[in-house]
Amino acid sequence: MLREHVKKLKAYSVEQPAHRIKLNQNESPYDLPAELKNKVIEKIRDLNWNRYASPFADSLRRAIAKKEDWDPEGVLLQNGSNSLINIIVTATAIRGKLMTVAPSFSLYAMEGKIFENRVIEIPLDPEDFSLPLKSFLQKLKKEKPSVVFLANPNAPTGNLFPEEELLQIVKARKETIVVVDEAYYPFSKKTMRPHLKDYENLVILRTFSKAFSAAGIRLGYLLAAPSLARELRKVMRPFCINLFQEAVGQVMLDHPGYVSDVVNQIVREREMLFNELKKIPGTISYPSQANYILFRVANASKTYTSLLDQGVLVRPMHGKGIENCLRVTIGTPEENRLFLQALSKP
Ligand code: PMP
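Not measured: the values here are computed from a predicted model. (Residues numbered from 1 in each chain as written. Predicted model: local features only at pLDDT ≥ 70, side-chain atom pairs only at ≥ 80, totals over all residues. Heavy atoms only, no water.)

Q: Is there a simple way to explain the packing of aromatic side chains in this structure?
A: To describe a pair of aromatic rings, you give the distance between the ring centres and the angle between the ring planes. Per the stated rule, a full pass over the model turns up 8 aromatic pairs. Between the aromatic rings of tyrosine 184 and tyrosine 292, the centroid separation amounts to 4.9 Å while the plane-to-plane angle is 80°, which identifies the pairing as edge-to-face. Taken together, the residues span a long stretch of sequence, with tyrosine 184 in the loop between β6 (177-181) and α8 (185-188) and tyrosine 292 in strand β10 (residues 292-296) at a distance of 108 residues. Pairwise contacts between aromatic rings join Phe105, Tyr108 and Phe149 into one cluster. The positively charged end of arginine 233 is found above the aromatic ring belonging to phenylalanine 56, 4.7 Å away from the centroid. Note that arginine 327 overlies the ring of tyrosine 292, its terminal NZ or CZ placed 5.8 Å from the centroid. (Phe/Tyr/Trp six-rings, centres within 6.5 Å; stacked < 30°, edge-to-face > 60°. Helix = DSSP H or I, 4+ residues; strand = E, 2+ residues; numbered from the N terminus. Lys NZ or Arg CZ within 6 Å of the ring centre and 35° of its normal.)

This is the structure:
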């Protein structure tokens, strides 16, 4: 009945034990204000809900293209960037090769494995999670993967890879699609966007789930050369974006001031949290350009349980290079204060 291969896979899961303060999924701690929610509702109230929306959310694609100063043909929208990762793998690699780094966002390997690809994971430098560029390029040229996934800032480590290094990877093999996942771009302000026009194998992923405070809405987009986006579109299901999602996207694009206020507040709190974490004995925290901080303790499962006992939910980390690490999402100032208080308790 089932592919043998599927039986061996593990479904994605995220623990959600009871808690008072939720700092485990890199969401924005700020829900959209009632004023913006009302604008969304006004927008969809008069639409015809009995009719299909446009198959590929054309009006939102055009609005994103305008904001990004890019051709609308080079913009694709899906239910969250997770779905775009699926689209890219579907179009590029089945029983082939996918390359990424470790530690990184788990969905790259997960999607790779669904399609029976060999997932090549290059370990990051254990000290600072920087990219071992030379060995990465060597492996890329030797293995010739169809697709490379790199999150920038990287998740869960929070560091940025230098633009020049990413560019060398893009240039190394024009037959390999290089996906730079910029889910946390609004917090880092570093993007590969200026290079899109020069490289047909470069894809940039973005999401409304983090800085745009709309994780529950499920909306992500990609930017790529129109010639590549037209190919990727062939494996996309039509009508994936509904009227509601499209309206939320439009309203958020119409209110850049709200988004930048949220981002500024989170970046300020991130710096405060990083400085305070440094003062806690036995804790090593890693500098982050995103909306979370990775930190190492003597015994992560003990610390995780102690935090949870005090009502604070963070994300336990598993995998090579992040042993005894936890990841905390930047919350509101009050949430961050309570987290620090809970962590400092002996
Ligand atoms: N990329 C990275 C690097 C992420 O950390 C996440 C969220 N966990 C995503 C993509 C998924 O975002 P979305 O909600 O748009 O599916």
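Q: Would you mind going over the site of the ligand with me for this structure?
A: The immediate surroundings of the ligand are formed by 14 residues, with Ser81, Asp181, Tyr184, Thr207 and Ser209 found nearest. The separation between an oxygen atom of the ligand and a polar main-chain atom of asparagine 82 is 3.0 Å. A distance of 2.7 Å separates an oxygen atom of the ligand from a polar side-chain atom of arginine 218. For the ligand, whose free accessible area comes to 400 Å², the fraction covered by protein is 91%. In the shell around the ligand, the residues fall into 6 nonpolar, 5 polar and 3 charged. (Near = heavy atom within 4 Å. Polar contact = N/O pair within 3.5 Å; in protein donor to acceptor, adjacent residues only side chain to side chain. Areas by Shrake-Rupley, 256 points an atom, 1.4 Å probe, with all protein chains shown as cover. Nonpolar A, V, L, I, M, F, W, Y, C, P; charged D, E, K, R; others polar.)

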